Amino acid sequence: MPTIIVVAVLVVAVLIFSGIYTDLLWFNQIGFSEVFWTERIAKILIFIAGFLIMAAGVFFSIRAAYKARPIYAPDSAHEDNLNRYQMQLEPIRRVVMIGVPIVFGLFAGTAAMAQWEKVMLFLYRVPFGSTDPEFGLDISFYTNTLPFLGFLVGMLISATVIAFIAGMLTHYLYGAIRLTERGIFTTRGAQIHIAILAGVFLLLLAGNFWLGRYATLQDNGGFRAGAMFTDVNAVIPTKAILAAAAIIVAILFIVAAFIGKWKLPLIGAGMLVVTAIVAGGLYPMAIQAWQVKPSQGNMEAEFIQRNIEMTREAYGLSDIEVTPYKATTTAEAGALRQDADTAANIRLLDPNLLSATFRELEQYRPYYEFPKTLNVDRYTIDGEVRDAVIAVRELNPNGLNPAQQNWYNQHLVYTHGYGMVAAYGNTVTADGKPKFMQSGVPSTGVLGTDTSYQPRIYFGQSMTEYSLVGAEEGTAPIELDRPQGTTAGAADATADEASGSESLTTFTGNGGPNVGNWFNRAMYALKFQSTDLLLTNGVNSESQILYDRTPEERVAKVAPYLTIDGNPYPAIVDGKVKWIVDGYTTSSYYPYSQQQQLQEATTDSLTATNGMATLPNASVNYIRNSVKATVDAYDGSVDLFAWDTEDPILKSWQKIFPSTIKPYTEMSADVMSHVRYPEDIFKVQRELLGQYHVTDPDKFFQNTEAWSVPDDPTTTATDKQPPYYLSLKMPGAEKTAFSLTTNFIPQEVAGTDSRNVLYGFMAANGDAGNVKGVKSPDYGKLQLLELPVETQVPGPGQVQNTFRTDPRVSDQLNILTLGQSELKNGNLLTLPMGGGLLYVQPVYLQSKGATSFPTLQRVLVAFGNKIGFAATLDEALDDLFGGDSGAAAGDANVEKVPDAAGPGTGGTTPSETSTNPALATALQEASAAITEGQAALAKGDFTAYGTAQKKLETAIAAAIAAEGAVATPSTPAPTATPSPSAAP
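Conventions used here
- Residues numbered from 1 in each chain as written.
- Predicted model: local features only at pLDDT ≥ 70, side-chain atom pairs only at ≥ 80, totals over all residues.
- Heavy atoms only, no water.
- Helix = DSSP H or I, 4+ residues; strand = E, 2+ residues; numbered from the N terminus.
- Buried < 20%, exposed > 50% of the residue type's maximum accessible area, 1.4 Å probe, protein only.
- Contact = heavy atoms within 4.5 Å.
- Areas by Shrake-Rupley, 256 points an atom, 1.4 Å probe, with all protein chains shown as cover.
- Salt bridge = Lys/Arg side-chain N within 4 Å of Asp/Glu carboxyl O.
- Phe/Tyr/Trp six-rings, centres within 6.5 Å; stacked < 30°, edge-to-face > 60°.
- Lys NZ or Arg CZ within 6 Å of the ring centre and 35° of its normal.
- Polar contact = N/O pair within 3.5 Å; in protein donor to acceptor, adjacent residues only side chain to side chain.
- Pairing = 2+ DSSP bridges.

## Thoughts on the overall build of the protein
Argument step 1. Looking only at helices and strands, the protein has 30 helices and 34 strands in total.
Argument step 2. Counting every position in the protein, which comprises 984 residues, the buried fraction comes to 53%.
Argument step 3. Taking contacts inside the protein between residues at least 6 apart in sequence as the whole, the part at least 24 apart equals 71%.
Argument step 4. Per element, the accessible surface of the protein, about 41500 Å² overall, is 57% carbon and sulfur.

In structure tokens, the structure reads:
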């Protein structure tokens, strides 16, 4: 049996060692060993401190009780039983007296170690430079000092209570405390022991009461977060009284221990309990019920104002620019003339729908994939900034043929994805497909070629398995690189066939720890529990192991104090593909600031349906986008840049890890030009702004002007509309900026109906500039357009309903879906243009066959209560604004392929039908037949409905025949890159 225990202990020890050792190798390789050692040394020291406090307290309490045991002969059956227990315990007494404290110490040390961030933030605290409105203390006292003191006092109280229990049990076991017919008998030694521990406990309780005065400013139990009227006038004073009373009673207990008179301390303890109940509970309840509630709005006004100001400051909303916007609802000709720049950049491609389109046109092999939701960024092309929908062609290990899904292929052959794919956001090809600015294998386009940037993607969002890469010079490569000389979409090739149809490569970067020696290899075999890794002949002296390969994982590991944004995005910068990751410093201790549940605030229709990540399930009341990080998609190297240089919490972490975070002044111009305002912090801010755009405490209390984020009208589920990236020029701005935008409607209350009209529109400026180390002063500027409540601008829900129910739009969309096709509504964008609010929604058509993907076929637009509808955005805008919008959209030069869509809602006939009278006539007859059939159904006349359906079938057949006779447009739609089939 002892041998088995020893072996088991050794096995566990080796497994633990392998985890620690491989972590050290990983941190050393990536250049963040400071994080490894600082975090672990801090945890070890805190563990030791927690262990010693608990273990020492319990040990000395047991030891003192044992030394104070009485020596007497048993004089009763009860004492005789205790004597037998003592005799049985005696052989192992020393082990128990040491082992019990050690066990409790281990638990305490482990719990203390988990609080290492509180300890480090206290030790390296940095002042905020601003104070709270109640005590006048620097905010860092609440975010850094108070949490640590609360943790320390709590741990000491726990140690005192457990030491007291352990001591009392020892006293009882050895007869110092006895239950007799006349009551409880205690020896003098036991009395002193009890008195000292009771005094220590009461002193700690007094400290807890005193700290509780400050903690009321972090309380969320009142009308709003922070100390309200009752807290300031009842709770805070009574906590001070209770602290003083606890100190007095503690002194009485300690004095009683020496004079042996217990009447006063016992009366004092009873009075303390009564005072805690009356002064700490009943009195504040009475104040709240009888003084505050009858006039709560007036009584709480001062404290509501504190909450408003501190909450807005904690969430970065204090400098938001609020602009009254008297939006017109009249669509007049030429209305967009002053917004020509915005009109030219209106995004038509919906990144939430186009993953399937990218897959069919650019995937090339089953072992590649694109994410469900693509990203939006911008690139400067020929001196002009163009919005782009982007993705990288990542590795999909599950795309391998099942017969090829063996360990060797999965970890040594299929190791990486290939190339960036990007499409212009504001235009499409003639048949509705994305117009690519970067595509193909090998990678070509206006953003570069595979010789001007490194296209291989070894680190990405789908990279969850480890890979073994690298080889000695002169060794034949075994990693599959990219398709070569085969048709896109062909069946997967095996490793043996790869030399004929696929090119091979060998990783040459420094991306992971070396596993060329047997020891490292054995340690990683234990870490990943893989005998294949240990026995394979595919590992050589230069082999590296790549793991923790997603951008979020890598940044979170080297910066454990950050909360990571759920949507990292790739960009071609400095000749490489780099993931840009946003990191947040947060706190839940900011005084008077409203708590926000991060997961709830960042959940919307995309996170619910497309699998985009939300922030973790945690509550905070302070957040800053303090760090921008980049992760190299080829070698996994991580760079952290201190983005918010004024954030005191980040400054504390910079003192803790001084060499890990670079100043943003070292950020290259390329990276700077692709920085954007992050989505998750914007979602948190907009959630709060629904109430905190109101700064008057009376109106805030009445809650009559509260807003909500509208539901996404393009989905059937009840989920919030996500924010959208757009290049637009806000009213009053001097230039177009790449912005993140959102809408606000009147507050929605569960179980009630509310109007879906627009009350507000907010945009965050995401342009940081394009100069190395220089951040644009406009970056991060939040601008809120407040619409007068009497201006009835339709909200997204109303606009979507109008699109769906307009007879002309409905008829023509029905024609599009008469075949084996279905319509997909793209994102409904809102833009402040033409003195009002313009809505734009692309409409996609997708066949119902096995091989299908959405293509853009129509664009819906709305302004006020008027809508427009056409094959291109440019035509739709002209249709909406009386034949001339005054501006040209990005697809103004696109000649759409003729189809059965018919004219726009305003009567404008698309160019494709004007050149083919037979097609135009057939489409008009089809539209008339649909209208006739709907009217017949409304009357219940099924005979007439059948006649109308026959007319519709005849009209469709005529339209198809006429469409076949139309010549292909003489000027083909321009393309930025060769088509996939042209790739070698």
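## With respect to the pattern of salt bridges
Side-chain pairs of opposite charge can arise where the charged atoms are in close proximity.
Argument step 1. Within this structure, the stated rule accounts for 25 salt bridges.
Argument step 2. The closest approach of N and O atoms between Arg393 and Glu362, which form a salt bridge, is 2.7 Å. In this pair, Arg393 is assigned in the loop between strand E6 (384–392) and strand E7 (394–395) and Glu362 in helix H13 (residues 355–362), connecting sequence segments 31 residues apart. The burial state of Arg393 is the same as that of Glu362; both residues are buried.
Argument step 3. Residue Lys628 is joined to Asp582 by a salt bridge in which the shortest nitrogen-to-oxygen separation is 2.5 Å. Pair noted here: Lys628 is in strand E22 (residues 622–632) and Asp582 is in strand E19 (residues 576–587), with a separation of 46 residues, a long-range link.
Argument step 4. Lys628 sits in the buried class, given a relative accessible area of 2%.

## Observations concerning helix H27 (residues 873–880)
Turn by turn, an α-helix covers 3.6 residues, leaving residues three or four places apart pointing in a common direction.
Argument step 1. Here H27 lies mainly inside the structure; six of its eight residues are buried.
Argument step 2. Those residues of H27 not exposed but buried are Leu873, Asp874, Ala876, Leu877, Asp879 and Leu880.
Argument step 3. Summarising the contacts, the buried residues of H27 are in contact with strand E32 (836–847), strand E33 (855–863) and strand E34 (866–870).
Argument step 4. Just beyond H27, the residue with positive phi is Gly882, at close to 65°.

## Describing unusual backbone geometry
Argument step 1. Residues Val441 and Pro442 are joined by a peptide bond in cis, for which omega reads 5°.
Argument step 2. Looking at the element boundaries, Pro442 is found in the loop between strand E10 (434–439) and strand E11 (444–445).
Argument step 3. At Tyr364, a residue that is not glycine, the phi angle is positive and equals roughly 75°.
Argument step 4. Tracing the backbone through its elements, the reader meets Tyr364 in the loop between H13 and strand E4 (368–369).
Argument step 5. A positive phi is found at Tyr592, a non-glycine position, where the angle reads about 65°.
Argument step 6. Along the chain, Tyr592 turns up in the loop between E19 and strand E20 (596–597).

## Focus on the packing of aromatic side chains
Argument step 1. Across all of its chains, the model carries 43 aromatic pairs by this definition.
Argument step 2. For the pair Tyr524 and Tyr547, a centre-to-centre distance of 5.5 Å together with 65° between the ring planes defines the contact as edge-to-face. Placement of Tyr524 in helix H16 (residues 518–527) and of Tyr547 in the loop between strand E16 (544–546) and helix H18 (551–558) is noted, with a sequence separation of 23 residues between them.
Argument step 3. Judged by relative accessible area, Tyr524 falls into the buried class, the value being 0%.
Argument step 4. In textbook terms, an aromatic cluster arises when at least three aromatic residues are bridged by ring pairs, as seen for Trp643, Tyr664, Tyr677, Phe682 and Tyr779.
Argument step 5. One Lys or Arg, Arg69, reaches over the ring of Tyr66 and ends 3.9 Å from the middle of that ring.
Argument step 6. Seen from the ring of Trp643, Lys775 lies directly overhead, with NZ or CZ sitting 4.3 Å from the centre.

## With respect to the environment of Asp582
Argument step 1. Judged by its relative accessible area of 3%, Asp582 falls in the buried class.
Argument step 2. Placed 13 residues apart in sequence, Asp582 and Tyr569 show a C-alpha to C-alpha distance of 9.6 Å.
Argument step 3. Setting aside residues up to four positions removed in sequence, Asp582 forms contacts with Thr563, Ile564, Asp565, Tyr569, Asn625, Val627, Lys628, Arg676 and Pro678.
Argument step 4. Side chain to side chain, Asp582 and Asn625 meet in a polar contact 3.5 Å long.

## Thoughts on the pairing of strand E9 (residues 420–428)
Argument step 1. Along E9, nine of the nine residues are buried, which leaves the element largely enclosed by surrounding structure.
Argument step 2. Both E6 and E9 contribute to a ladder of five bridges, which runs antiparallel. Bridging across to E9, Val389 finds its partner in Ala423.
Argument step 3. With three bridges joining them, E9 and E10 adopt antiparallel strand pairing. Paired with Ala423 across the strands is Phe436, a residue of E10.
Argument step 4. Linking E9 back to E10 in an antiparallel pair, the connection comprises five residues, with Gly432 at a positive phi of about 90°.

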